[in-house]
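Letter by letter, the chains look like this.
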Amino acid sequence: MLVDHGSRDAAFLAIDRRVRERLLAIAGGGVGHVCVPLQGSGTFAVEAMLGTLVPPGGRVLVLVNGAYGRRMATILSRIGRQPVVLETAEDTPAEPGEVARRLARDPALGHVAVVHCETTTGLLNPLADIARVASDHRRELLVDAMSSFGALAVDAAALAATAVAASANKCLEGVPGMGFVIADRARLAAAAGNAPSLSLDLHDQQAAYLATGQWRFTPPTHVIAALDSALEAHAAEGGVAGRGARYARNCAVLVAGMRRLGFRTVLPDALQAPIIVTFDSPDHPEFAFERFYDGLQRRGYVIYPGKLTRRESFRIGCIGQLGEAQMRGVAAAAAETLAEMGVTLAG
Ligand SMILES: *Cc1c(COP(=O)(O)O)cnc(C)c1O
């Protein structure tokens, strides 16, 4: 990131090409898909995916069990598509059987949109089962794999996904500033003119690549260079399997340490993805989240400053350049902070 690359310079374009190839390889590397990167945060990529690959007026079954599923429905409404929301509770995975019934009943539903790991709680949705249902009913599948890509297997070809959206700065451990969409090559080529936005048009973004080998508008060069290094580290760790194994250990150590203090997880272990863990706020008169947050921060641990869930809770991430030592450390810091607050939890 300390090098200023020219965004149209051959040296930069070589880095950029390598990044796109590596991202595609992580997504299964099928020849039927392409990787289209896009400036902005992850939501920009999700909005570009929905706007480009769902035609105007298109009806989409959106599986919602948290804030990110709800955000996809909001985007679809905003851009003149028709979201049909199939909602389950925040601690309940999307239900493939019910998806099948909805698709059978409503032939106008052209797409199914699902969040792989719903980061609101850390819940893992049954992506492979939902993909099979969509495919059996010949509907297109759109996946928000933002918080799972790189740590959990997401094979775009095996899922027969029309598109999978993710970003540089979660399990890939790059810096923030760009997302990308792994898109079905033929469906993307057929999506000309769909997008309601000029800058969020993945079809035109890819067309520019094909024509010039370059980004259509100024690329985030430093972010791409950082992602190149992050992808090298990802490969050195053993790719998706290696990274996923480290996060799974992080998650297990974190949950065990917090349970020892008397904290309870919102999700049962069977539904928990090894990405982020939501704990119920203790029902104790002296427990105040702001004081808890500050206590952890003073000890060097920054957790998520707030909740997305409907119930009183807080979240601690398992991802990033962290290992078991940091997970034990955050539990120790939580113990000290509870003592400082005068809170003793049963357990
Ligand atoms: C992080 C995340 C996003 C994108 O969030 P941004 O703040 O726009 O980067 C989208 N979906 C899921 C599931 C996420 O975890």
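Preceding block: the structure.
Residues numbered from 1 in each chain as written. Predicted model: local features only at pLDDT ≥ 70, side-chain atom pairs only at ≥ 80, totals over all residues. Heavy atoms only, no water.

A word on the packing of aromatic side chains. Per the stated rule, a full pass over the model turns up 10 aromatic pairs. Where Phe287 meets Phe292, the ring centres are 5.2 Å apart and the plane angle is 45°; that geometry is what we call tilted. An identical accessibility class is assigned to Phe287 and Phe292; each is buried. Ring geometry for Phe289 against Tyr293: centres 6.1 Å apart, planes inclined by 50°, an arrangement best described as tilted. (Phe/Tyr/Trp six-rings, centres within 6.5 Å; stacked < 30°, edge-to-face > 60°. Buried < 20%, exposed > 50% of the residue type's maximum accessible area, 1.4 Å probe, protein only.)

Around the ligand, a shell composed of Ser41, Gly42, Thr43, Tyr68, Arg71, Val115, Cys117, Thr119, Asp144, Met146, Ser147 and Lys170 is seen. The contact in question runs from an oxygen atom of the ligand to an N or O atom on the side chain of Ser41, over 2.5 Å. Contacts to the ligand include Gly42, whose backbone N or O atom sits 3.0 Å from an oxygen atom. Summarising the interface, the protein chains cover 85% of the accessible area of the ligand, which totals 380 Å² for the free molecule. Those elements that provide at least two residues to the shell around the ligand are helix 2 (42-53) and helix 3 (67-78). Residues belonging to the shell around the ligand are distributed by class as follows: four nonpolar, five polar and three charged. (Near = heavy atom within 4 Å. Polar contact = N/O pair within 3.5 Å; in protein donor to acceptor, adjacent residues only side chain to side chain. Areas by Shrake-Rupley, 256 points an atom, 1.4 Å probe, with all protein chains shown as cover. Helix = DSSP H or I, 4+ residues; strand = E, 2+ residues; numbered from the N terminus. Nonpolar A, V, L, I, M, F, W, Y, C, P; charged D, E, K, R; others polar.)

This part takes up the packing of helix 9 (residues 239-260) against helix 11 (residues 324-341). Between helix 9 and helix 11, whose axes approach to 8 Å, the crossing angle comes to 20°. When the axis of helix 9 is compared with that of helix 11, the two are roughly parallel. Seen from above, helix 9 lies across helix 11 with right-handed handedness. For the pair helix 9 and helix 11, the contacting residues are Arg249, Asn250, Val253, Leu254, Gly257 and Met258 in the first and Glu324, Met327, Arg328, Val330, Ala331 and Ala334 in the second. (Axes fitted to C-alpha atoms, helices over the stretch in contact; angles between N-to-C directions. Parallel < 35°, antiparallel > 145°, perpendicular 65-115°, else oblique. Left-handed = near helix turned anticlockwise from the far one by under 90°. Contact = heavy atoms within 4.5 Å.)

When we look at burial in helix 7 (residues 202-212), the residues that qualify are Leu202, His203, Gln205, Gln206, Ala208 and Tyr209. Looking at the buried side of helix 7, the elements it contacts are helix 1 (10-26), strand 1 (33-39), helix 2, strand 9 (178-184) and helix 6 (185-189). Looking at the residues trailing helix 7, positive phi occurs at Gly213, about 75°.

Turning our attention to the pairing of strand 3 (residues 82-87). In this sheet, strand 3 lies alongside strand 2 (residues 59-64) in parallel orientation, the contact comprising six bridges. Counted as the bridge partner of Arg59 is Gln82 from strand 3. Tracing the backbone out of strand 2, into helix 3 and back to the parallel element strand 3 gives a crossover that is right-handed. (Pairing = 2+ DSSP bridges. Right-handed = clockwise from strand over helix to strand, strands pointing away.)

So, on to the pattern of salt bridges. Side-chain pairing between opposite charges can occur once the charged atoms of the two side chains come close. Applying the stated criterion across every chain yields a total of 21 salt bridges. Glu237 is the partner of Arg246 in a salt bridge, and the nearest nitrogen-oxygen pair spans 2.4 Å. By relative accessible area, which is 25% here, Glu237 ends up partly exposed. If you follow the salt bridges from partner to partner, you end up with Glu95, Glu98, Arg101 and Arg102 in one network. (Salt bridge = Lys/Arg side-chain N within 4 Å of Asp/Glu carboxyl O.)

The next thing to look at is the side chain of Gln214. Relative to the elements of secondary structure, Gln214 occurs in the loop between helix 7 and helix 8 (221-236). There is a polar contact of 2.8 Å between the side chain of Gln214 and the side chain of Arg8. Apart from the residues lying within four places of it in its own chain, the contact partners of Gln214 are Arg8, Leu13, Ala208 and Tyr209.

Turning our attention to unusual backbone geometry. The phi angle at Ala160 is positive, at roughly 50°, despite the residue not being glycine. Looking at the secondary structure, you find Ala160 in the loop between strand 7 (140-144) and strand 8 (163-167). With a phi close to 60°, Glu173 is a non-glycine residue in the positive phi region. With respect to the secondary-structure elements, Glu173 resides in the loop between strand 8 and strand 9.

The side chains of a regular strand alternate between the sheet's two faces. Where burial is concerned, most of strand 11 (residues 313-317) is hidden: four out of the five residues are buried. The sheet contact formed by strand 10 (residues 276-280) and strand 11 spans five bridges and is antiparallel. Bridged to Asp280 within strand 11 is Ser313.

Moving on: the nonpolar core. Ranked by size, the top nonpolar core spans 48 residues in total, and within it Leu23, Leu63, Leu141, Phe149, Val164, Ile182 and Leu227 carry the most contacts. The element best represented in this core is helix 1, accounting for seven residues. Excluding anything up to four places from it in sequence, Val164 contacts Met49, Val143, Ala145, Phe149, Val154, Ala156, Phe180, Val181 and Ile182. (Core = buried A, V, L, I, M, F, W, Y, C linked by side-chain atoms within 4.5 Å.)

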